Amino acid sequence: LKTMDFISLPLSLLVVAFVLIGNHTTSVKKLLSIVLIPLFTILSTAALAGLIMYPVAEYITQVTQFTPSLMMSLIIAMSIDYSLFLLSRYIEDFVKLQDKSVTIADMIQYSGHTIITSGVTLCCSFLGLFLLPLPMLQSVGGGAIVSILSALVVNLTLLPALLHTRLGDWMVESEECLTNTIVKSGAELDAPASETPLLDSIDEAIQDEQTSVYDGIDLDEAKMKQSLWYKLGTVLLNPYKGVFILMLILGAIAPVAYFFPQCGSSISFDLMVPVGSPSKQAFNRLGNEFGFGTLSPYKILFDGRPSKTGVGSAKFFDRINLVLHELTGEEFPATPDLNSFTGITTLNGQNISHRFYEASLICGKTCFFEQMRTIAAIDHVMTSTNGLTTYVNVQLNVDPFSDKGIQWLIQARKKIQTIVSTEGGDSFL
């Protein structure tokens, strides 16, 4: 995060300075104001977003470790973007109006409307992440929305306030001097002082200067109409050509849309790391050595709280054995036998009796007999402290996130649901 900020922040400020200076005359004060105002908005936005997210992470929900990185990227991007919109409008309008207060008011009214529309649109897009049943993505969506709204608030309040200070004066100092120079030159060259009043000469000069400004706008419009984007927009807005292009686009994406529902979904670890990264290589090496099912085992949760049935009871033991036996055999090739399960009822692919389990607990984790010591250790890890819930690890002989692994998961959940509905109890996979 630190390295990212050190690289992206100076480059962003350089882009802002390049765009705002353009062909205008510049000075050290103007350059300083162009750099400081976006920098102040970025720092203030980061402080505001952090102030909001701290209680959220502390008391409401868990925030994933890469959410702050995404937030900082959005803070820099949105602050630079919104500052560029507002400041460019401020500089452009000041040349015409020559009144800072009126210019700032127009800037907020027109460019402020633009950035509000942009921010609300982005927030609505990130709200879609809350519809996904993944806390990780919900955390990312919340952090993104907080960052965007913080950037909006800061740029619509702090930035205009900074423009009312000397920083705002420095930013348009060269434009003001340039306008005054044009007015004075027009007054001197228009006519001799003895024949034309000075006030009339100044008025004519201002009119000439304004005419040159509007001529410049016409020239900009002429250049704009020659650009590729303007021509493309003209074609797209044509009712006939636009419909034809829309049909071509829909025809191009139709095959993709047709086969898209057939694409499978996956929560595989492979999708969370870059291709060729050390973590990806280590994961593949361990998977090939020990089996991917061992690296990412499924868990079957057995819950005795609704019926107040303890894990140590014979009834609870029989329920676990019933589920495990139903999930083995030809119907479930990914778990051919009990070697695929690890829990308090199985050891080395064999069922253990309820009496042996009770004896193991009495003997404890320091028991002389290895099998009893192992069962006691498994019970200590997998059984809750109140003795009402436990779980069983399931190591598939295929990749759990492959098509075969996902198919096993779907079939196993259906089988468990059938057992629960007929035999009672609560089991979850």
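Use the structure listed above.
The rules behind the values
- Residues numbered from 1 in each chain as written.
- Predicted model: local features only at pLDDT ≥ 70, side-chain atom pairs only at ≥ 80, totals over all residues.
- Heavy atoms only, no water.
- Helix = DSSP H or I, 4+ residues; strand = E, 2+ residues; numbered from the N terminus.
- Buried < 20%, exposed > 50% of the residue type's maximum accessible area, 1.4 Å probe, protein only.
- Contact = heavy atoms within 4.5 Å.
- Disulfide = S-S within 2.5 Å.
- Core = buried A, V, L, I, M, F, W, Y, C linked by side-chain atoms within 4.5 Å.
- Patch = residues over 30% accessible without salt bridge, like charges linked within 9 Å, V, L, I, M, F, W, Y side chains within 5 Å.
- Areas by Shrake-Rupley, 256 points an atom, 1.4 Å probe, with all protein chains shown as cover.
- Salt bridge = Lys/Arg side-chain N within 4 Å of Asp/Glu carboxyl O.
- Phe/Tyr/Trp six-rings, centres within 6.5 Å; stacked < 30°, edge-to-face > 60°.

An account of the overall build of the protein is needed here, citing residue identities and associated values.
Scanning the protein from N- to C-terminus turns up 16 helices and six strands. A burial count over the protein gives 35% of its 429 residues as buried. Restricting the contact set of the protein to residue pairs at least 6 apart, pairs at least 24 apart contribute 66%.

Quick rundown of the state of the cysteines? Include the residues and the values.
For the coordinates displayed, the defined rule picks out one disulfide. Disulfide partner of Cys363: Cys367, at an S-S distance of 1.8 Å. Taking the torsion about the sulfur-sulfur bond, which here is approximately 85°, the covalent link between Cys363 and Cys367 counts as right-handed. Owing to a relative accessible area of 30%, Cys363 belongs among the partly exposed residues under this scheme. On the basis of relative accessible area, Cys367 is assigned to the buried category, the value being 4%. Cys124 provides the cysteine sulfur closest to Cys123, a residue in no disulfide bond, and the two sulfurs are 7.0 Å apart.

Give me the lowdown on the side chain of Lys280, citing residues and values where you can.
With respect to the helices and strands, the residue Lys280 is situated in helix H11 (residues 278-290). Other than its neighbours up to four places away in sequence, Lys280 contacts Asp270, Val273 and Pro274.

For unusual backbone geometry, give the residues involved together with the corresponding values.
For Asn348, which is not glycine, the phi dihedral falls at a positive 55°. A residue is classified by how much of its surface remains accessible, and Asn348, at 64% relative accessible area, is exposed.

Give a detailed account of the nonpolar core, specifying residues and quantitative values.
Most often, soluble globular proteins have nonpolar side chains that are buried together. Counting 37 residues, the largest nonpolar core has Ile37, Leu163 and Met171 as its most contacted members. Ranked by the residues each element gives to this core, the list is headed by helix H3 (residues 67-97), at 12 residues. When neighbours within four sequence positions are excluded, Leu163 is seen to be in contact with Ile37, Leu87, Tyr90, Lys100, Ile104, Met107, Gly168, Asp169 and Met171. With 30 residues, the next largest nonpolar core counts Phe316, Met382, Trp408 and Ile419 among its residues.

Account for the environment of His113, naming residues and giving values.
For His113, the position within the fold is in helix H4 (residues 100-127). Taking the C-alpha atoms as reference, His113 lies 10.0 Å from Leu156; in sequence the two are 43 residues apart.

I'd like a rundown of a nonpolar patch on the surface, residues and numbers included.
A surface patch of nonpolar side chains, about 550 Å² in accessible area, is lined by Val243, Leu246, Met247, Ile249, Leu250 and Ile253. Among the structural elements, Met247 can be located in helix H10 (residues 239-259). Looking at Met247, the relative accessible area reads 51%, which means it is exposed.

Which residues make up the packing of aromatic side chains, and what are the values?
Here the structure, examined in full by the defined rule, presents seven aromatic pairs. Between Tyr298 and Trp408, the ring centres sit 5.8 Å apart and the planes meet at 10°, which makes this aromatic pair stacked. With Tyr298 in strand E1 (residues 298-303) and Trp408 in helix H16 (residues 403-423), this residue pair connects regions lying 110 residues apart in the sequence. The pair Tyr298 / Trp408 is uniform in exposure class, with both members buried. When the centroid spacing of 6.4 Å and the interplanar angle of 70° are considered together, the rings of Phe332 and Trp408 count as edge-to-face.

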